[in-house]
Amino acid sequence: MMNYGTQKNMALTGEPPVQLNKTQKLGTLTGLTGLFILLLATFNVQFPERTFWLSGSLVLLSAGILIFSIAAYKDKTAGIKNDGVWFKSLTSRGYLAWCLGIFLTLFYIVLYFYPSLLGLRENGVNTGLIGFFDPLSKFLSGNPASQWFVYGVLYTLAILTFGIKFILKYRHNRYEMIRTISVMFFQTCFAFIIPELMARLNSPDFSLPYYDLKNIWPLNYYNFDQYRIDSFISSGDIGLALLIFGIISILIITPVLTYFYGKRWYCSWVCGCGGLAETIGDPFRQLSDKSMFAWKVERWVIHSVLVFVVLTTTATIYSYLSYDAQKYWLNKDVFLIGTGVTLTLLFLLIWIYKREELRKDARYGALAYLSIMIGLILIHYLSGMNVFIFDAGTLRTWYGFMIGSIFSGVIGTGFYPIFGSRVWCRFGCPMAAILGLQQRLFSRFRITTNGGQCISCGNCSVYCEMGIDVRSYAQKGENILRASCVGCGICSAVCPRGVLKLENTKKSDQRIDPDAVLTGNNPDLLDLLKKNQ
Amino acid sequence: MKHIVIIGNGIAGITAARHIRKRSDNRISVISSENKYFFSRTALMYVYMGHMKFEHTQPYENNFWESNRIELVEDHVNSVTPSENKLVLRKGKSLDYDVLIIATGSKPNRFGWPGQNLKGVQGLYSKQDLELLEKNAPNAKVCKHAVITGGGLIGIELAEMLHSRKIPVTFLVRESGFWRNVLPKPESEMINRHIRKHGIDLRLNTELSSITGDENSCVASVITNHEERIPCDLVGLTAGVSPSIEFLKDSGIETNKGILVDSHLRTTIENIFAIGDCAELREPLPHRKAVEAVWYAGRMMGETVACTVCDQPVAYRPGHWFNSAKFFDIEYQTYGKIHAEKTAQEEQLYWESEDGNKCIRIAFEKETGVFIGMHALGVRLSHMTIDRWLTEKLMINDLLPQLEKAAFDPELFDKSLKKAKAHFQQKMIKLQF
């Protein structure tokens, strides 16, 4: 009757009921009207009452998203809402996805490299979209808007409105709701309102740098740049406190919290990049690449970025430190030797205590990268040449361009609809790399699997935004302990058999539990296999 | 080096193949005409619902089989000739084996209803069934109404699938409540309510009498045992499955309902084994069925037979019964023995949440107080913990104080087990236990 023999004929392109209901159409109309006003402003349409039109457009945009979301979920029972995800053009790399991806990418290119197209005027009054946001910026910080202010407003609005959508979608799951409220809070207060208000405190002799307190080095790779250090130090006790906070954030707060809760405390509860990925990026989480190959690439790329940022920051700090040991105790030599010793110690500690947990390529990588760092420091001393062969400024510029702009912005967010929502977090973020190392080697956090209950359906793997093949562990009854896991909890939520659970327990046993036979089978067989291992 | 041939690449056959490879260097061939690569049958529903693509149901990357030296044969076995250790394949060739493992699974039951072979009448088991469903019921325009008969796990999954494409469904259930032969009354009623909440037309105490067709031999309507005619474009037959063993008819391998096997999963022929849905234990385990067509049994038989085939004979002796399912939004897990109707020898404790969407039931022996089983709807339970309690034959009075240890719900969730515990402890006082 039918010949469906081969794999390729397995099209199974379903026709889901994707048509929008009336309220959703109303939401779309409302939201697009708001967006259209912003578009008109971008093209320099002059609005008489800018405050009114700006508020109006932002309210319409937000209201549109909320109306749409409520209409999408109100008639559905609380539970997993993934019907038709792989049939819809937008969420399965269809035409709409490509359109959106290209639009976002172009937007990021303009934002990062051609802000004048958005109306930024360094000397003079802003025009266009950026000028349109001037009233709000002046209200908050007293300064005219910049492209980053406009981006910050839209970014925060996206996390808030799509955060509410996410909460409606996962209203049966308290972990997801509370986690989302947390990212909404940190984005609104820490990333947006507090830094704007801090800018109000500035005067000619007191000038704090724009500081999102939750943005920790090395994600915030510029935190120890000379202009910021100068600015911190010149701003008295508050400035110094902020500088110290910046240093203990990465050296103390981060490892302690990661030890207790895993990297999720940051990546899916606090971080702004994570916040965007978890809210507006949620519809694209299933697009991440789950292949072994992608995992290999991930390990090399993300740790290379980490090495790059350590190198860049070391060179940058070194470049502005003094030679004179009398003036400051922290001079060029102390700093460089200190860095070398710290890195070597860290390496040795991991090598001695956690070597068994590193794969072969991780060992090679760690050795190679340590040699590069130490080698560069040695070359510097032995040759007396310019530090690190490269000029610090050049390194810093390249890092900012390649990683800060292209990777985290253009690729990281622009490609959401194509590669999924966590490309930056998975392949690029040096902060995630550090937290990942801590999580993999020293944390209590792990995802446990529920005995023999896994049915290998694969929902967990499909909806893992970090591209972890969760099923490959679950079906073996093995705990999941992966550096990249951001603890979003969706694998556990979508599991139809209650197999996965995020935990931070003290138990040191069974962190990884690769019994060849799962709970439920012949106890003799379990013993037999254990003996054979 | 032996040549081990496995017929069927479902969970039973593939688990056997993987474990044989772990334990030996024997040559392994796996034959299937359903799909080249192993896929998770239980995930087929998610493909139709658009949660996943078909390739996502395949747990191993395609190069896994070659790198583990497991040969995949895309063919169908027409017959087995044990005297020559030979299989006759559909594509004409034959295949020799030293050891044969039959893991051919099940097929949907058809009880001889008039009209059961009309177009638009189908079961839901194989990948081909799913493709057929995609053709019969792609949307609510082509399939204006569907009738499902058989009030068990596949029936409710099919209802959920069709519902996801907004196809109106009438669900015929022979018993007085959904899965009433397994679920006690309150649990069954909870699921009845939940099914109806999704707009499914659930008809209890109703059976299919016959199916009528139109001039093109397509299904037009069904007639129930209450003489009611329900017009429809699809009839889902989900009244259980039975072993798929027709090809063994003239092989000399002894069969009953399934392929008869001894405690080592060996058939009447020395070098032929049968595992999974198609196997029937000659001596069923206490309180268990001779044929257990569930994922977990298939997997455990695969693990077990691999040892025997690799010269470390192990009897099939699964531990305590466990199973799981999901009914639309409500998850179900069960461990040990929970009877739908309480027996005279046991006592049961039952807790239901105020919103009526969660419940927990515990059973213990009346005489001794020994814990014998536990299940839950809408609450996740820890397999390891409960399995240990069953093995230890824990007394109910020792179990209740530590009931929370059985929790497996995600962090920050309502502590259902804590609430249930308080309720159970009060109940125990009333029972004067």
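Residues numbered from 1 in each chain as written. Chains lettered and ligands numbered in written order. Predicted model: local features only at pLDDT ≥ 70, side-chain atom pairs only at ≥ 80, totals over all residues. Heavy atoms only, no water.

## Quick notes on the overall build of chain A
Looking only at helices and strands, chain A has 22 helices and two strands in total. The C-alpha radius of gyration computed for chain A amounts to 25 Å, which stays within 12% of the reference 24 Å derived for 533 residues, consistent with globular compactness. When the 533 residues of chain A are sorted by exposure, 56% land in the buried category. Counting only carbon and sulfur atoms, one obtains 69% of the accessible surface of chain A, whose full area is about 24,200 Å². A gap of 6 Å separates the mean positions of the 48 positive and 32 negative side-chain charges of chain A. (Helix = DSSP H or I, 4+ residues; strand = E, 2+ residues; numbered from the N terminus. Rg over C-alpha atoms; globule rule 2.2 N^0.38 Å. Buried < 20%, exposed > 50% of the residue type's maximum accessible area, 1.4 Å probe, protein only. Areas by Shrake-Rupley, 256 points an atom, 1.4 Å probe, with all protein chains shown as cover. Lys, Arg positive; Asp, Glu negative; His and termini not counted. Charge placed at Lys NZ, Arg CZ, Asp CG, Glu CD.)

## A look at the packing of helix α12 (residues 292-320) of chain A against helix α15 (residues 392-411) of chain A
Residues and elements named next belong to chain A. The N-to-C vectors of α12 and α15 enclose an angle of 140 degrees; their axes lie 9 Å apart at closest approach. Note that α12 runs across α15; the crossing there is left-handed. In contact with Val 301, Val 305, Phe 308, Val 309, Leu 311, Thr 312, Ala 315, Thr 316 and Ser 319 of α12, α15 contributes Ala 392, Leu 395, Arg 396, Trp 398, Tyr 399, Ile 403 and Phe 407. Here the residues of the contact of α12 with α15 sort into 12 nonpolar, three polar and one charged. (Axes fitted to C-alpha atoms, helices over the stretch in contact; angles between N-to-C directions. Left-handed = near helix turned anticlockwise from the far one by under 90°. Contact = heavy atoms within 4.5 Å. Nonpolar A, V, L, I, M, F, W, Y, C, P; charged D, E, K, R; others polar.)

## With respect to the domain arrangement of chain B
Residues and elements named next belong to chain B. Assigned domains within chain B: domain 1 (3-107 + 242-309), domain 2 (121-239) and domain 3 (322-431). Here domain 1 and domain 3 have C-alpha centroids that lie 35 Å from each other. Contacts between the two partners involve five residues from domain 1, matched on the other side by four residues from domain 3. Surface buried jointly by domain 1 and domain 3 totals about 410 Å² across both partners, of which 65% is contributed by carbon and sulfur atoms. Looking at the side of domain 1 facing domain 3, the largest losses of area belong to His 287, Val 294 and Tyr 296, adding up to 78% of the total buried there. (Domains from an automatic or database assignment. Buried area = accessible area lost by both parts, 1.4 Å probe.)

## Quick look at the sheet that holds strand β25 (residues 371-377) of chain B
Two modes of strand pairing occur in sheets, parallel and antiparallel, and in both the strands are linked by backbone hydrogen bonds. All names here are of chain B. Across the sheet, which stays open at both edges, the five strands sit in the order β21-β22-β25-β24-β23 with antiparallel pairing between neighbours. A strand with exactly one partner marks an edge of an open sheet, and here the two such strands are β21 (322-327) and β23 (346-352). Neighbouring strand axes in the sheet, compared pairwise and without regard to direction, differ in orientation by 10 degrees on average. Bridge analysis of strand β24 (residues 359-365) against β25 gives six bridges, and the strand direction is antiparallel. Following the sheet pairing, Arg 361 is matched in β25 by His 375. Each of β21, β22 (330-336) and β25 touches helix α8 (residues 383-392); the most contacted strand, β25, lies at about 155 degrees to it. (Pairing = 2+ DSSP bridges.)

## Digging into helix α5 (residues 153-164) of chain B
Residues and elements named next belong to chain B. Here α5 spans 17 Å end to end across 12 residues, near enough to the 16 Å set by a 1.5 Å rise per residue. Most of α5 is tucked away, with nine of its 12 residues classed as buried. Every buried residue of α5 is listed here: Gly 155, Ile 156, Glu 157, Leu 158, Ala 159, Glu 160, Met 161, Leu 162 and Ser 164. Looking at the residues trailing α5, positive phi occurs at Lys 166, about 60 degrees. (Expected span 1.5 Å × (residues − 1).)

## Topic: unusual backbone geometry
With an omega of 10 degrees, the peptide bond between Trp 217 of chain A and Pro 218 of chain A qualifies as cis. Looking at the secondary structure, you find Pro 218 of chain A in the loop between α7 (174-201) and α8 (226-234). Not every positive phi belongs to a glycine, and Leu 265 of chain B is a case in point at roughly 70 degrees. As for its placement among the helices and strands, Leu 265 of chain B is situated in the loop between β18 (259-261) and β19 (272-274). Among the residues examined, Leu 265 of chain B registers a relative accessible area of 0% and is labelled buried.

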